[in-house]
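Spelled out from the first residue to the last, the chains are:
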Amino acid sequence: MKERILILGGTTEAYVLAEALAAHDDLRVTNSLAGRTTDPRLPAGETRIGGFGGPEGLTDYLREQRIRAVFDVTHPFAASMGWNAYQACHAAHVPLLRLERPAWIPEAGDRWDQVEGWDEAVNTLIQNRPQRVLLAVGRQELVPFAGLDDIWFLIRAVTPPDPMPEFPLAELLLSRGPFDLDSERKLLDDHDIDTIVCKNSGGVATSAKLIAARERGIRVIMRQRPQRPETPLATSVEGALNWLETRKEKWRCEREPAQAAG
Ligand code: NAP
């Protein structure tokens with residue numbers, strides 16, 4: 001009998017984990033995607049798309065599908081799903097592991113303002129009085145910045161914001177990472193950027209801008225990650241696989257006395 005695993009995905013790590021679990025003959029893996037992207041790349045294993053209907057909906061799903069373990073591999077800024085998974089796994093008595101890439105940490109030479117939210121980021125911009133800002137916050141989080149009418153923004157997004165807030169001074173740059181160091185240096189130089197606003201997503205795909213900023217003494221307003229529930233945590237796919245091995249061992253122990261009795 002195959003044990004059923006649910007991966008809450010939407011990140012690179014979730015694809016890598018799904019690929020690694022595909023080699024386990026004793027598992028049946030379902031990936032869950034929120035459905036924000038049209039025509040998403042499908043991970044290895046089965047895929048379901050769309051919300052569950054809050055923690056209660058996810059609890060029902062875990063019970064109905066007889067899920068034995070959940071991996072929360074959603075993005076570090078997708079906090080609601082993390083809390084939903086925590087509540088649902090608790091209610092359905094299903095073990096939960098959070099797999100999350102480490103956050104970026106400031107290094108010598110960095111000029112970061114670390115902020116809790118976008119209101120604080122806007123206030124920091126008002127205090128610092130920058131002129132030309134690279135806004136790399138995601139297309140759905142632009143609104144708080146649109147009122148800053150004396151700052152020119154280079155808005156970088158993967159897909160067009162819809163609707164696009166009305167910025168008095170802005171240029172939209174559609175591009176998808178990963179971004180290498182040379183192209184990030186060129187971007188900052190070509191646009192004469194003096195400040196970057198971004199989220200502490202971690203990982204290597206979008207970290208080159210931080211090195212380029214450090215080299216140039218450019219300020220970075222870095223939004224901190226939202227608070228997450230206290231759950232077992234792995235910071236690599238390898239760590240997640242090790243955690244699963246301990247679960248498998250437990251399942252074996254649970255099965256063996258039953259088999260011996262039968
Ligand atoms: P969120 O605020 O944590 O989630 C909002 C709602 O979307 C959840 O309550 C849930 O709906 C549904 N949802 C989220 N992730 C899901 C998943 N993997 N499978 C099924 N339903 C899911 O998340 P978000 O910030 O909107 O992000 C949505 C997805 O995009 C996530 O899967 C995340 O990994 C990915 N993503 C987010 C960011 C970011 O910066 N936020 C960046 C890159 C990728 P129900 O309550 O109905 O279950």
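So, a few notes on the structure that sits alongside this text. Each chain has its residues counted from 1, running along the sequence as written. At least 70 in pLDDT is required for a residue's local features to be given in this predicted model, at least 80 for side-chain atom pairs to be given and counted, and no such filter applies to totals for whole chains, interfaces and linings, which use all residues. Excluding hydrogens and water, the side-chain figures rest on all heavy atoms present in the structure.

## Some words on the nonpolar core
For soluble globular proteins, the rule of thumb is that nonpolar side chains tend to be buried together. What counts here: Buried Ala, Val, Leu, Ile, Met, Phe, Trp, Tyr and Cys residues that are joined via side-chain atoms within 4.5 Å together make up what is termed a nonpolar core. For each residue, the accessible area found with a 1.4 Å probe, counting protein chains only, is set against the maximum for its type, and the residue is called buried under 20%, exposed over 50%, and partly exposed in between. Helical segments are the DSSP runs of H or I of at least four residues, strand segments are the runs of E of at least two, and each set is numbered from the N terminus. Residue contacts follow a heavy-atom distance rule, with two residues in contact if any of their heavy atoms lie within 4.5 Å.
Counting 20 residues, the largest nonpolar core has Ile5, Ile7, Leu17, Leu21 and Phe71 as its most contacted members. Looking at this core, the elements with two or more residues in it are β1 (3–8), α1 (12–21), β2 (27–33), β4 (67–72), β5 (96–99) and α7 (237–261). Not counting chain neighbours up to four residues away, the residues in contact with phenylalanine 71 comprise Ile5, Leu6, Ile7, Leu8, Leu17, Leu21, Leu97, Ala240, Trp243 and Leu244. Membership of the second largest hydrophobic core comes to 18 residues, among which are Val115, Leu135, Leu142 and Phe145.

## Focus: helix α3 (residues 79–92)
Under the convention used in this document: How far a helix is expected to stretch is found by multiplying one less than its residue total by 1.5 Å.
When the terminal C-alpha atoms of α3 are compared, their 20 Å separation across 14 residues agrees well with the 20 Å that a helix rising 1.5 Å per residue should span. Ala79, Gly82, Asn84, Ala85, Ala88, Cys89 and Ala92 are the residues of α3 that are buried. Next to the buried residues of α3 lie β1, α2 (54–64), β4 and β5. Where α3 ends, the next residue or the one after it, histidine 93, has phi of about 55 degrees, a positive value.

## Regarding the packing of helix α5 (residues 181–190) against helix α6 (residues 208–216)
Threshold: In this analysis an axis means a line fitted to C-alpha atoms, helices contributing only their contacting stretch, and an angle means the value between N-to-C directions, from 0 to 180 degrees. Each angle gets one of four labels, with under 35 degrees taken as roughly parallel, over 145 as roughly antiparallel, 65 to 115 as roughly perpendicular, and the rest as oblique. Note: crossing handedness is left-handed where the near helix turns anticlockwise from the far helix by less than a right angle, and right-handed where it turns clockwise.
Direction vectors running N to C along α5 and α6 enclose 55 degrees, while the axes themselves pass 8 Å from each other. Our classification of the angle between α5 and α6 gives oblique. For α5 against α6, the interelement crossing comes out right-handed. Contact with α5, carried on its side by Leu181, Glu184, Arg185, Leu188 and Asp189, involves Ala208, Lys209, Ile211, Ala212, Ala213, Glu215 and Arg216 of α6 and no other residues of that element.

## Some points on the pattern of salt bridges
Where we set the bar: Take a side-chain nitrogen of Lys or Arg and a carboxyl oxygen of Asp or Glu: if they are within 4 Å of each other, that pair is a salt bridge.
Counted under the stated rule, the structure contains 25 salt bridges. With a closest N to O distance of 2.6 Å, glutamate 100 and arginine 98 form a salt bridge. The class for arginine 98 is buried, based on a relative accessible area of 3%. Measuring nitrogen to oxygen at the nearest pair gives 2.7 Å for the salt bridge that ties glutamate 215 to arginine 185.

## Some thoughts on the sheet that holds strand β12 (residues 233–234)
Our working definition: Should DSSP find at least two bridges between two strands, the strands are taken to pair.
Taken together, the 6 strands give an open sheet; going across it, the order is β3-β2-β1-β4-β5-β12, and neighbouring strands pair in parallel fashion. A single partner strand is all that each edge strand has here, and the edge strands are β3 (46–49) and β12. Note that β1 and β2 share 6 bridges and pair parallel. Along β2, the bridge assignment pairs arginine 4 with arginine 28. Sheet strands in contact with α1 are β1, β2, β4 and β5, and its direction is about 165 degrees off that of β1. Where α3 meets the sheet, its contacts fall on β1, β4 and β5, and the angle it forms with β5 comes to roughly 160 degrees.

## So, unusual backbone geometry
Omega for the bond connecting aspartate 162 with proline 163 falls within 30 degrees of zero, at 5 degrees, which places this linkage in the cis form. You can see proline 163 is positioned in the loop between β8 (152–157) and β9 (170–174). Not every positive phi belongs to a glycine, and aspartate 39 is a case in point at roughly 60 degrees. By the secondary structure assignment, aspartate 39 is in the loop between β2 and β3. Judged by relative accessible area, aspartate 39 falls into the exposed class, the value being 76%. A positive phi angle, close to 50 degrees, is found at arginine 129, a residue other than glycine. You can see arginine 129 is positioned in the loop between α4 (118–128) and β7 (132–136). For arginine 129, a relative accessible area of 66% corresponds to the exposed category.

## Considering the environment of proline 76
Inspection of the secondary structure puts proline 76 in the loop between β4 and α3. When the C-alpha positions of proline 76 and serine 201 are compared, they lie 6.2 Å apart, and in sequence the two are 125 residues distant. Those residues in contact with proline 76 that lie beyond four places of it in its chain are Arg98, Glu100, Ser201, Arg225, Pro226 and Arg228.

## Notes on the site of the ligand
Condition: Any residue with a heavy atom lying within 4 Å of a molecule or strand is counted as near it. We define a polar contact as two N or O atoms separated by no more than 3.5 Å, with the added condition that, inside protein, one atom must be a possible hydrogen donor and the other a possible acceptor, whereas residues neighbouring each other in sequence contribute only through side-chain atom pairs. Here the Shrake-Rupley method, with its probe set to 1.4 Å, supplies the accessible areas, and only the displayed protein chains count as covering residues. Residues are grouped as follows: Ala, Val, Leu, Ile, Met, Phe, Trp, Tyr, Cys and Pro are nonpolar; Asp, Glu, Lys and Arg are charged; all remaining types, including Gly, are polar.
The environment of the ligand is made up of 22 residues, and the closest members are Ser32, Phe52, His75, Met81 and Lys199. One nitrogen or oxygen atom from the main chain of phenylalanine 52 is found 2.7 Å from an oxygen atom belonging to the ligand. Here the ligand loses 75% of its free accessible area of 810 Å² to cover by the protein chains. If you list the elements that add at least two residues to the shell around the ligand, you get β2 and α3. Element by element, the count of residues in the shell around the ligand is highest for α3, at 4 residues. Within the shell around the ligand, the residues separate by chemical class into 8 nonpolar, 11 polar and 3 charged.

Distances and angles like these do not, on their own, reveal function.
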